[in-house]
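Now for the letters of each chain:
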Amino acid sequence: MASLMTRNSVFAGKIAKYVSDCTKRLSSHFTYYPDNEKPVTGETTKMNMMQAINNAMDITLKDDPTAVLFGEDVAFGGVFRCALGLQDKYGKDRVFNTPLCEQGIAGFGIGLATAGATAIAEIQFADYIFPAFDQLVNEAAKARYRSGGQFECGALTVRAPCGAVGHGGLYHSQSPEAYFAHTPGLRVVVPRGPIAAKGLLLSCIRERDPCVFLEPKILYRSATEEVPVEDYTLPLGKAQVLREGDAATLIGWGTQIHVLLEVAEMAEKDLGVRCEVIDLMSILPWDEDTVCNSVKKTGRCLIAHEAPLTSGFGAELAATVQEECFLHLEAPVSRVAGWDAPFPHVFEPFYLPDKWRCFSALSDLVCY
């Protein structure tokens, strides 16, 4: 009996280790590709994406006396610590907690921005931004238009962690960018790493239109780069070509960019072709010229995003590419996305558009 118990204990230990190892392997579906090019010259320091976002808000609060930061639990730094230390530095009047009421957070931010303040609102998870949907799409987005330019709330930036994190389940893993992309008057932005996050967030904060800034939460600590210390901005509505090629155009945003960069490497090694990789960066407005010029050159287009396939923002890209690049296409536009189902928990690895799904779609494109 003792021998049997010992064997069972050893077996249980092996199973636990196997499950733990699998969890580690599947906690992220990408290899991170850091940015090596800097948008400005000068001093840099190593930051992860959480620290880069914190740095952008620190610069804003320091330089703009009207700027305020608020949201659920931001006083102690927020659940992801993006606001860490800012209340101690700037006081409780400028960095403070709100009630657990997303529509109240958005409405309060609209009022502040309309009155002339710079409002930075944090929604704790993008999945919980939907109670604020009416405030953002019916009030914030339309303020300047419906007042004939007399009023605006462009000094409102709404930050929200989004996307898969390895164990978030259906209420903490969603990517809602397509919902807001249907709303004239909003800006929708998704960064791929620390350098992009700092420059894009500072641009959003200073933009005249209200902005929804979606932060892929798995990148907060897994993405680390040498980030310029000084103030800088990156243009909104402008995509970046991260890798040049002539066989196919691969388009994504946020975390998915790193999947596509790995797919491009796989394609060069296994298929002998070079693919162009484009980070859209801004979902609304998006850079139609960069995308279409690339597709006209390559003749093939693959779009990848974590959100469900049906009515995902990839559908808008595919429709535009088909309309503008039809005579240049050598194959149908391909989309690799999440499935049309609630975001799962234990089956998350099968839901995400990982490198294998994207590489399979690219192989079909190249051989079409």
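As annotated in an unreviewed UniProt entry, the protein chain carries the name 3-methyl-2-oxobutanoate dehydrogenase (2-methylpropanoyl-transferring) and is attributed to Iphiclides podalirius. Comment text from UniProt for the protein chain, heading Catalytic activity (unreviewed entry), reads "N(6)-[(R)-lipoyl]-L-lysyl-[protein] + 3-methyl-2-oxobutanoate + H(+) = N(6)-[(R)-S(8)-2-methylpropanoyldihydrolipoyl]-L-lysyl-[protein] + CO2". On record in UniProt, under Cofactor (unreviewed entry), the comment for the protein chain is "thiamine diphosphate".

Novice: So what about the sheet that holds strand β9 (residues 240–243)? Which residues, and what values?
Specialist: Spatially, β9-β11-β10-β13-β14 is the arrangement adopted by the five strands of the open sheet, whose pairing is mixed. In the strand order of this sheet, the two ends are held by β9 and β14 (334–338), each with one partner. On average, each strand axis in the sheet is tilted by 25° relative to the strand beside it, whichever way the strands run. In the sheet, strand β10 (residues 248–252) pairs with strand β11 (residues 275–279) via five bridges, with the strands oriented parallel. Of the residues in β11, the one forming a bridge with Gly 252 is Asp 279. Across the sheet, helix α10 (residues 256–271) is in contact with β9, β10, β11 and β13 (301–308); its angle to β11 comes to roughly 175°.

Novice: Would you mind going over empty space enclosed by the protein in detail, with residue names and values included?
Specialist: Counted according to the given criterion, the structure contains two cavities of 30 Å³ or more. Approximately 120 Å³ is the volume found for the largest cavity. In terms of lining residues, the largest cavity is bounded by Cys 162, Gly 163, Ser 175, Glu 177, Val 190, Pro 216, Trp 253, Gly 254, Thr 255, Gln 256, His 305 and Glu 306. In terms of residue class, the lining of the largest cavity is made up of four nonpolar, six polar and two charged. Looking at the second largest cavity, the residues that line it are Gly 77, Gly 78, Val 79, Phe 80, Arg 81, Cys 82, Glu 122, Arg 159, Pro 161 and Tyr 220. Residues of the lining of the second largest cavity, tallied by class, amount to five nonpolar, two polar and three charged.

Novice: Quick rundown of a nonpolar patch on the surface? Include the residues and the values.
Specialist: A cluster of nonpolar side chains, namely Val 346, Phe 347 and Phe 350, defines an oily patch on the protein surface of about 380 Å² accessible area. Mapped onto the fold, Phe 347 is located in the loop between β14 and α13 (348–351). Phe 347 gets classed as exposed once you look at its relative accessible area, which sits at 53%.

Novice: Give a detailed account of the packing of aromatic side chains, specifying residues and quantitative values.
Specialist: Under the defined criterion, the tally for this structure stands at 12 aromatic pairs. Ring centres of Phe 96 and Phe 108 lie 6.1 Å apart, and the angle between their planes is 70°; on these two criteria the pair is classed as edge-to-face. With Phe 96 in strand β3 (residues 95–97) and Phe 108 in helix α4 (residues 102–114), this pair connects stretches of sequence that are 12 residues apart. Considering the side-chain rings of Phe 343 and Tyr 351, the 4.6 Å spacing of their centres and the 50° angle between planes classify their relative orientation as tilted. Look at Phe 343 and you get buried, because its relative accessible area is 7%. Of the aromatic side chains, those joined through ring pairs into one cluster are Phe 80, Phe 125, Tyr 128 and Tyr 220.

Novice: Run through the pattern of salt bridges, naming residues and quoting values.
Specialist: Within this structure, the stated rule accounts for 16 salt bridges. A salt bridge links Asp 209 to Arg 187, with the nearest nitrogen and oxygen atoms 3.8 Å apart. Here Asp 209, found in the loop between α8 (194–206) and β7 (211–216), pairs with Arg 187, found in strand β6 (residues 187–189); they are 22 residues apart in sequence, far enough to count as distant. Neither Asp 209 nor Arg 187 differs from the other in exposure class; each is buried. Here Arg 243 makes a salt bridge to Glu 268, at a shortest N to O gap of 2.4 Å. Of this pair, Arg 243 sits in strand β9 while Glu 268 sits in helix α10, and the two are 25 residues apart along the sequence. On the basis of relative accessible area, Arg 243 is assigned to the buried category, the value being 16%.

Novice: Explain the environment of Cys 358 to me, and be specific about the residues and the numbers.
Specialist: Among the secondary structure elements, Cys 358 is positioned in helix α14 (residues 355–366). Judged by relative accessible area, which is 0%, Cys 358 ranks as buried. Taking the C-alpha atoms as reference, Cys 358 lies 8.9 Å from Ile 303; in sequence the two are 55 residues apart. Ignoring sequence-local partners within four residues, the contact set of Cys 358 consists of Gln 256, Val 259, Leu 260, Val 263, Leu 302, Ala 304, Val 336 and Pro 353.

Novice: Which residues make up the layout of surface pockets, and what values go with them?
Specialist: Empty space among the atoms becomes visible once a probe the size of a water molecule is rolled across them. In this structure, the largest pocket spans a volume of roughly 420 Å³. Elements with a contribution of two residues or more to the lining of the largest pocket: α8 and β9. If you tally residues by element for the lining of the largest pocket, the top one is β9, at three residues. Of the residues assigned to the lining of the largest pocket, the class counts are 10 nonpolar, two polar and four charged. In this structure, the second largest pocket occupies an estimated 330 Å³ of space. Around the second largest pocket sit 19 residues that line it, and Gln 174, Ser 175, Tyr 179, Ala 307 and Pro 308 are the ones nearest its centre.

The rules we used
- Residues numbered from 1 in each chain as written.
- Predicted model: local features only at pLDDT ≥ 70, side-chain atom pairs only at ≥ 80, totals over all residues.
- Heavy atoms only, no water.
- UniProt positions renumbered as here; feature names shortened; annotations may be inferred.
- Pairing = 2+ DSSP bridges.
- Helix = DSSP H or I, 4+ residues; strand = E, 2+ residues; numbered from the N terminus.
- Axes fitted to C-alpha atoms, helices over the stretch in contact; angles between N-to-C directions.
- Contact = heavy atoms within 4.5 Å.
- 1 Å grid on protein atoms, 1.4 Å probe; cavity = no way out; pocket = protein on both sides within 12 Å on 5 of 7 lines; lining within 4 Å.
- Points joined across faces, edges and corners; volume = space filled by probe spheres on them.
- Nonpolar A, V, L, I, M, F, W, Y, C, P; charged D, E, K, R; others polar.
- Patch = residues over 30% accessible without salt bridge, like charges linked within 9 Å, V, L, I, M, F, W, Y side chains within 5 Å.
- Areas by Shrake-Rupley, 256 points an atom, 1.4 Å probe, with all protein chains shown as cover.
- Salt bridge = Lys/Arg side-chain N within 4 Å of Asp/Glu carboxyl O.
- Buried < 20%, exposed > 50% of the residue type's maximum accessible area, 1.4 Å probe, protein only.
- Phe/Tyr/Trp six-rings, centres within 6.5 Å; stacked < 30°, edge-to-face > 60°.

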